[in-house]
Amino acid sequence: MTSAANGGNAAPQSVLDAVLVPSAPAATDPNDVIVCGYDFNNGVNYDALLQTYARTGFQATSFGQAVEEINKMRKWRLSDEPMDATDAADERWSDPEVRANTKCKIFLGYTSNLVSSGIRESIRFLVQHKMVDVLVSSAGGVEEDFIKCLAPTIVGAFDLKGTELRKQGLNRIGNLKVPNDNYCKFEDWVMPILDAMLEEQKRDGVVWTPSKVIHRLGKEINHPDSIYYWAYKNNIPVFCPALTDGSLGDMIYFHTYKNPGLIIDIVADIRAVNSEAVFAKKTGVIILGGGVVKHHICNANLMRNGADYAVYINTGQEFDGSDAGARPDEAVSWGKIKMTATPVKVYADATLVFPLLVAQTFARDFVPNA
């Protein structure tokens with residue numbers, strides 16, 4: 001037996017070769033980012049803290065990459081690009097001033113639960129100040145905004161008993177509570193508007209689409225806390241391909257008995273949302289959550305061979321094959337995100353992440369009351 005086998009001082013060479021494999025020179029890149037988090041010895045500085053996320057690792061680094069991706073969307077101007085032959089032949093696009101003022105078109109999508117939550121205020125800020133160009137949401141993401149203008153949503157708990165809540169006329173959205181009375185108030189508010197829309201359809205031949213319905217409701221709510229009030233004021237289109245899948249759909253259903261005949265055309269809206277992408281010089285997408293909202297934005301960008309910039313924030317996993325869980329690279333395979341893009345997915349609850357993301361991007365150079 002060797003001395004090592006007998007408990008000698010030297011470790012077996014085979015062990016050393018296995019454990020202490022030397023790093024190849026190519027494994028060290030001078031551009032590597034060194035992992036280093038925030039030092040609280042410097043006091044509490046939230047801006048400096050968030051800036052360290054990019055070099056913290058894991059989802060913090062994904063957050064930092066999302067900040068960079070969104071800031072690239074915000075910074076881009078057509079004047080950054082060399083003029084191609086098509087633009088040179090077009091008097092409008094060859095104008096230096098027009099090129100300098102042509103921005104990336106930003107699509108923002110979000111699921112209904114986020115409007116039920118306090119993320120509504122972050123979205124409203126972006127729409128109020130024209131920081132995004134196209135909105136896509138689900139039915140709940142539309143109606144909950146209006147309902148909150150009529151009555152509040154309350155913080156509850158995830159473990160509240162469904163049977164007890166039902167007896168009390170309370171609806172649970174995660175750890176939020178919405179009294180049934182809120183929906184009654186919504187019905188009282190929206191039914192006369194649906195009546196007026198039907199009358200305009202019959203009298204004036206108005207063709208209502210989901211985006212036109214939301215535009216009208218934003219006008220009627222006339223409330224500065226509302227996302228869709230500001231979308232109406234700033235003429236920002238809001239698309240909702242599943243407009244009937246929620247309380248608003250319930251109201252439209254009831255309306256078919258009280259005053260039948262209202263028609264809402266989804267065909268015009270699919271052309272409209274696709275056109276928003278097709279005729280944009282550059283597009284960026286920010287999608288909070290998944291489902292129809294995520295796919296509707298991505299599919300519109302397929303029509304232009306993909307978005308140029310993309311940020312996803314959701315907790316979905318890809319192993320079940322769901323669109324919600326799909327990573328951006330799957331969208332690249334479909335032509336929904338460009339092959340040259342540097343998309344980012346942050347695996348996180350958007351209620352934790354999105355306000356911080358807004359703080360480090362859109363709101364960073366915002367001057368209140370300016």
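Predicted model, so just to flag it, every value in this text is computed and none were measured.

Draft legend 1. Seen up close, the overall build of the chain. A tally of regular secondary structure across the chain gives 17 helices and nine strands. In terms of its C-alpha atoms, the chain occupies a principal-axis envelope of roughly 100 × 70 × 45 Å. When each of the 370 residues of the chain is scored for burial, the buried share is 44%. Across the chain, contacts joining residues at least 24 apart in sequence account for 72% of those joining residues at least 6 apart. Accessible area for the chain stands at about 19,800 Å²; split by element, carbon and sulfur atoms hold 54% of it. When the 36 basic and 44 acidic side-chain charges of the chain are each reduced to a single mean position, those positions are 3 Å apart.

Draft legend 2. Summary view of the side chain of D87. Examined against the element boundaries, D87 turns out to sit in helix α4 (residues 85-88). By relative accessible area, D87 is classed as buried at 4%. Residue contacts for D87: discarding those within four places in its chain leaves L78, W93, S94, R99 and K281.

Draft legend 3. Molecular detail of the packing of helix α8 (residues 139-150) against helix α10 (residues 180-204). Viewed as axis vectors pointing N to C, α8 and α10 meet at an angle of 100°, and their least axial separation amounts to 9 Å. In this view, α8 runs roughly perpendicular relative to α10, as classed from their interaxial angle. Of α10, the residues touching α8 (which contributes E143, E144, F146, I147 and L150) are N182, Y183, K185, F186 and W189.

Draft legend 4. Focus on unusual backbone geometry. Even without glycine at this site, F58 takes up a positive phi of about 55°. Take F58: it is sitting in helix α3 (residues 58-75). The exposed category is assigned to F58, whose relative accessible area is 79%. Unlike most non-glycine residues, N235 shows phi in positive territory, near 55°.

Draft legend 5. Molecular detail of the sheet that holds strand β3 (residues 154-155). Spatial ordering of the open sheet is given by β3-β5-β4, a layout of three strands whose pairing is antiparallel. The sheet is open, and its two edges are formed by β3 and β4 (170-173), each paired on a single side. Across the sheet, α10 is in contact with β4 and β5 (176-179); its angle to β5 comes to roughly 50°.

Draft legend 6. Fine view of α3. Between its first and last C-alpha atoms α3 spans 26 Å; for 18 residues at 1.5 Å apiece the expected length is 26 Å, and the two agree. Listed in full, the buried residues belonging to α3 are A60, T61, S62, F63, G64, A66, V67, E69, I70 and M73. Contact partners of the buried residues in α3: α2 (46-51), β1 (105-110), β7 (283-288), β8 (309-314), β9 (344-347) and α17 (350-360).

Draft legend 7. Geometry of the pairing of β5. The alternating pattern of β5 places L176 and V178 on a buried face, while none of K177 and P179, on the opposite face, is buried. Here two bridges tie β3 to β5, and the two strands are oriented antiparallel to one another. If you follow V155 over to β5, its bridge partner there is L176. When β4 meets β5, the two strands line up antiparallel, connected through four bridges. The partner of N171 across the bridge, within β5, is V178.

Draft legend 8. Up close: the nonpolar core. Formed by 69 residues in total, the largest nonpolar core has its most connected members in Y110, L135 and F354. No other element matches α10, which puts nine residues into this core. Excluding its chain neighbours within four sequence positions, the residues that come into contact with Y110 are V115, I123, L135, V136, S137, S138, G141, I227, Y228, L288 and V293. Membership of the second largest hydrophobic core comes to 18 residues, among which are C298, A310, I337 and A341.

Draft legend 9. Representation of the pairing of strand β2 (residues 134-137) within the structure. Side chains V134 and V136 of β2 all project onto a buried face; the interleaved residues L135 and S137 project onto the opposite face, where all are buried too. Examined bridge by bridge, β1 and β2 share four bridges and lie parallel to one another. Opposite L108, over in β2, you have L135 as the bridge partner. Here β2 pairs with strand β6 (residues 238-239) via two bridges, running parallel. If you follow L135 over to β6, its bridge partner there is V238.

Draft legend 10. Up close: the state of the cysteines. In total, this model carries zero disulfides according to the counting rule given. No disulfide involves C184; its sulfur sits 18 Å from that of C149, the nearest cysteine.

Draft legend 11. Quick look at the sheet that holds β2. Spatially, β6-β2-β1-β7-β8-β9 is the arrangement adopted by the six strands of the open sheet, whose pairing is parallel. The sheet terminates laterally at β6 and β9, the two strands that pair on one side only. This element, α3, spans β1, β7, β8 and β9 of the sheet and lies at about 140° to β9. In the packing of α17 onto the sheet, contacts are made with β1, β7, β8 and β9, and the angle to β8 comes to roughly 145°.

Draft legend 12. Focus on the packing of α10 against helix α13 (residues 247-258). Look at α10 against α13: their axes get within 10 Å of each other, and the N-to-C directions meet at 55°. Regarding the angle of α10 to α13, the classification is oblique. The element α10 and its partner α13 pack so that their crossing is right-handed. Each of Y183, F186, E187, V190, M191, L194, D195 and L198 in α10 lies in contact with α13, whose residues at this interface are S247, L248, M251, I252, F254, H255 and K258. In the contact of α10 with α13, the residues fall into ten nonpolar, two polar and three charged.

About the thresholds
Residues numbered from 1 in each chain as written. Predicted model: local features only at pLDDT ≥ 70, side-chain atom pairs only at ≥ 80, totals over all residues. Heavy atoms only, no water. Helix = DSSP H or I, 4+ residues; strand = E, 2+ residues; numbered from the N terminus. Buried < 20%, exposed > 50% of the residue type's maximum accessible area, 1.4 Å probe, protein only. Contact = heavy atoms within 4.5 Å. Areas by Shrake-Rupley, 256 points an atom, 1.4 Å probe, with all protein chains shown as cover. Lys, Arg positive; Asp, Glu negative; His and termini not counted. Charge placed at Lys NZ, Arg CZ, Asp CG, Glu CD. Axes fitted to C-alpha atoms, helices over the stretch in contact; angles between N-to-C directions. Parallel < 35°, antiparallel > 145°, perpendicular 65-115°, else oblique. Pairing = 2+ DSSP bridges. Expected span 1.5 Å × (residues − 1). Core = buried A, V, L, I, M, F, W, Y, C linked by side-chain atoms within 4.5 Å. Disulfide = S-S within 2.5 Å. Left-handed = near helix turned anticlockwise from the far one by under 90°. Nonpolar A, V, L, I, M, F, W, Y, C, P; charged D, E, K, R; others polar.

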